[in-house]
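Each chain is listed here by its residues.
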Amino acid sequence: MRTVVEGHMTTEALMLNQDTRPTISGMTSQMFTEKLDQELAKKNYTTKPEGYQEAPLAYDAIWAAALALNKTMFRLKEMGQNLGNFTYTNTFIAKEIYSAMNSTQFLGVSGNVAFSEKGDRIALTQIEQMINGTYRKLGYYDTHMDNLTWYGVERWIGGKLPRDRTIKVTTLRMVSLSLFISMSIICCMGIAVACALIVFNVKMQHRKCIELSHPACNNIMLFGTVLCFVSAILLGIDGRFVHPDNYSNICQTRSWLLAIGFTLSYGSMFSKIWRVHGLTTKTKSESKCKKATVDNWRMYVMLGTMLAIDFTVLTVWQVTDPLERSIETFPTEKPVNLDEDIEVEPQLEHCLSDNNNIWLGVMYGYKGLLLIFGIFLAYETRSVTVKQINDSRYVGMSIYNVVVLCMITAPVTMVISSQQDASFAFVALAIIFCCLLSIGLIFLPKVSDLIRHPTERVEARHLTDTCPSKEEEERHRKLVAENEDLKQLIAEQEDKIRLLHQKLHEKGELQGNKTASNGGGGTLEKPPPPLPSTNVSSVSFANQGSAVTKSHPHQGQMAANSTTSVVTDGGGELTSPVHKENTIVVDLNSDSAIGIGTSIARSSRTSPSDFELSESYL
């Protein structure tokens, strides 16, 4: 117990005046103590009785009551009354006595005697400390004069001042410096790549693959990615770098750069895929690739409309309900050094406004509609490429990536907003992946094509696909089916021809044997030579000088150095064999597919344009 109470301090009202001045009774405090001891000795007290220390207070209390009653007596005398009229129900005299007591003030043996408005004694406060098991006086405090007298003899355990209370220290939670630096480096590299591609686009805009990809839209997209990269860097700016008074400016800059950057980058891709969808949904007479044109001003108008909406919403938001620095306070934590008697109160900075959820709902709703509509258009045009916008497929793939990442990032960041490192890393990586994937998908094919063809002003095949419409795709499927039917019919006719050749040969041998068995000197007729085997290597569909040839392998034994050409003209007549190449020519305007003695009926009449198939389909 002694160890526990060692060093503690106590305060109490001073009960004996420390001055040597005479008091109102004419005695000093030392004279009062001596006279009290003498009286106790006369009564045979060997030890100080209980209440000995409070004796000066009792003595001064009697003097205070006497002075108050004396002052009251004179005031009552002026009013024609006296103290003899006092009763416990007489409130008038009681108030006079109370007023006189409050105004009483004198120097007594216990010190300056005075009373507060509540009737409490105003006296010196004595401060003591237990040192080595005994109380030692450290000083006095005069509440009336607001004066502290300190002797400077205190001792502190451990050599440091003890806390009179638990100190609460606020600390600001900030993004990890290593995380911020790494993300900033990646964003700076992305900015450098985007700027280099802008220069590349401008210098190579005369090349066909660049010209047909609308370099102006691509430059707008690249500029938008630069703004997005800068906004990702600003997401990591916190109280470590910015004074609290300037933090609201960072909040406003973040929102503007991210919104405008997203609109420029995604909006340019959206306008491209929108135009591709418009070209593929034209009527049959307007869907010819050679006649289709792309109006650049339509894409610019759409992009300008998106920017106008962004500027309107952001301006109204900033003017009516601007983003300000808001502090989120977390429960107190224990300090790292447990010897310190402190509590750590973590705080985190946020950019918030009074109606922040409403404004975010407006922005998310508007951008979400663009994302949904963009992925719909990308899906509708997934198998379509047009010569006028040769990178439409890659734009569609970029839109897929942007939509997926945005749909994941927006709700997740609202959940982890209180975790500064996780929130910053998640949002920054989402922005970086969206921008880099879009840049890579759209520009890597162009760069690789120009590297393979450094001097040619031609596009790679993957950038110059034709523009098949839905009607042409359906016609292509029909032609493929008819082609398979024709090959099967040709094979059947070859079998019939082979069978006829075999019968003719057998008949000739039979006639020769009969002539030899008759004997006689008659002239022996030489049997007719067997017809050569027909090797049909190809079928030509002839019509007005244009043809499409389809090779067919020979089935059966081939005669040496012998080829047969079976040709049908518009009348379906069979021409003579030609010893050049085994070719069967079929007139496309005739209802008879092949004239080989047996007519082969076709299901429909086919025009030459039906066989003008794109290289990508064959």
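Structural data are supplied above this passage.
Residues numbered from 1 in each chain as written. Predicted model: local features only at pLDDT ≥ 70, side-chain atom pairs only at ≥ 80, totals over all residues. Heavy atoms only, no water.

Student: Mind showing me how you'd approach the pattern of salt bridges here?
Tutor: For side chains bearing opposite charge, pairing can occur when the charged atoms are close. Enumeration over the complete set of coordinates arrives at seven salt bridges. Linking K487 and E484 is a salt bridge whose minimum nitrogen-to-oxygen distance equals 3.4 Å. Separated by three residues within a single helix, K487 and E484 lie in helix α13 (residues 470–518), roughly one turn from each other. By relative accessible area, E484 is classed as partly exposed at 43%. (Salt bridge = Lys/Arg side-chain N within 4 Å of Asp/Glu carboxyl O. Helix = DSSP H or I, 4+ residues; strand = E, 2+ residues; numbered from the N terminus. Buried < 20%, exposed > 50% of the residue type's maximum accessible area, 1.4 Å probe, protein only.)

Student: Where do I start with the state of the cysteines in this structure?
Tutor: Put plainly, two cysteines are in a disulfide when a covalent bond ties their sulfur atoms together. On inspection of all chains with the given rule, the structure shows one disulfide. The disulfide partner of C251 is C351, and the S-S distance across this bridge is 1.9 Å. On the S-S bond that ties C251 to C351, the torsion sits near -70 degrees, and the link is left-handed. Placement of the pair is C251 in helix α8 (residues 247–280) and C351 in strand β10 (residues 342–352), with a sequence separation of 100 residues. A relative accessible area of 1% means that C251 is categorised as buried. Unpaired in this structure, C188 has its nearest cysteine sulfur neighbour in C187, at a distance of 7.0 Å. (Disulfide = S-S within 2.5 Å.)

Student: I tried to follow the nonpolar core on my own but got confused; where do I start?
Tutor: What tends to happen in soluble globular proteins is that the nonpolar side chains get buried as a cluster. Within the largest apolar cluster, 65 residues are counted, with the highest numbers of intra-cluster contacts made by Y266, M269 and I399. Mapped onto this core, the elements with two or more residues apiece are α5 (177–203), α6 (208–211), α7 (215–234), α8, α9 (296–320), α10 (356–380), α11 (392–415) and α12 (420–452). When sequence neighbours within four positions are dropped, the list of residues in contact with I399 reads Y266, M269, F270, I273, G374, I375 and A378. (Core = buried A, V, L, I, M, F, W, Y, C linked by side-chain atoms within 4.5 Å. Contact = heavy atoms within 4.5 Å.)

Student: Could you clarify how one ought to interpret the side chain of D310 in this entry?
Tutor: Along the polypeptide, D310 turns up in helix α9. In this structure D310 comes out as buried when scored by relative accessible area, which is 0%. Ignoring any residue separated from it by four or fewer positions in sequence, one finds D310 in contact with A259, I260, T263, M363, Y366 and K367.

Student: Whenever I open this one, the sheet that holds strand β3 (residues 111–115) confuses me. Can you help?
Tutor: Spatially, β2-β3-β4 is the arrangement adopted by the three strands of the open sheet, whose pairing is antiparallel. Lying at the two open borders of the sheet, with one neighbouring strand each, are β2 (106–108) and β4 (121–122). Alignment of β3 against β4, held across two bridges, turns out to be antiparallel. Bridge pairing in β4 places A114 opposite I122. Each of β2, β3 and β4 is contacted by helix α3 (residues 55–78), which is oriented at about 150 degrees to β2, the strand it contacts most. (Pairing = 2+ DSSP bridges. Axes fitted to C-alpha atoms, helices over the stretch in contact; angles between N-to-C directions.)

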